[in-house]
2 protein chains.
Amino acid sequence: MCEANAYLLEKNDRNTENQTLIMEAVDKVEPEENGIRLVSIFGDQKFIKGYIHSLSLVEHKVFIKLNDKSE
Amino acid sequence: MCEANAYLLEKNDRNTENQTLIMEAVDKVEPEENGIRLVSIFGDQKFIKGYIHSLSLVEHKVFIKLNDKSE
């Protein structure tokens, strides 16, 4: 199995970026209106108003950022 | 190792989508101005004027789409 963990990237006060784990064992990430849906290998789903920012697959990491405008 | 293969998704004449393999053994995908940079586990790099559309990690697939406007 080659699932990854999804982290939310958010700027903190010191202008560096925090990585917050939002879902483990992610299999699929699919675009939806205004965001993305994460689906884990266990079938858990989570909708995020954001987009896939970057990947580091050997480290099993998927980085997500929130959309600029939260409508 | 948990690298994936990157595929370009493009509409064809029948209004379905072709998957064209653009890079094998992708480790990192990083955003750059006007596009993304793919880096394989061997260190090969490829710049694409596009974005990460979706992921299917258990299948080892990363799907890329080209930006709408090719400037």
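Residues numbered from 1 in each chain as written. Chains lettered and ligands numbered in written order. Predicted model: local features only at pLDDT ≥ 70, side-chain atom pairs only at ≥ 80, totals over all residues. Heavy atoms only, no water.

Q: Whenever I open this one, the pairing of strand β6 (residues 61-66) of chain A confuses me. Can you help?
A: Where a strand is regular, its side chains alternate between the two sheet faces. Residues and elements named next belong to chain A. Of all the 6 residues making up β6, 5 are buried; the element is thus mostly covered by neighbouring parts of the structure. Alignment of strand β1 (residues 4-11) against β6, held across 4 bridges, turns out to be parallel. From the neighbouring strand, L8 faces β6, where its bridge partner is I64. Here strand β5 (residues 50-56) pairs with β6 via 6 bridges, running antiparallel. Considered in β6, the bridge of G50 is made with L66. (Buried < 20%, exposed > 50% of the residue type's maximum accessible area, 1.4 Å probe, protein only. Helix = DSSP H or I, 4+ residues; strand = E, 2+ residues; numbered from the N terminus. Pairing = 2+ DSSP bridges.)

Q: Hey, could you run me through the side chain of D27(B) in this one?
A: Note that D27(B) resides in strand β2 (residues 17-32). The side chain of D27(B) is buried and forms no salt bridge, while K28(B), the nearest opposite charge, is found at 4.4 Å. Leave out the neighbours within four places in its chain, and D27(B) touches L55(A), S56(A), L57(A), V58(A), V39(B), S40(B) and I41(B). (Lys, Arg positive; Asp, Glu negative; His and termini not counted. Salt bridge = Lys/Arg side-chain N within 4 Å of Asp/Glu carboxyl O. Contact = heavy atoms within 4.5 Å.)

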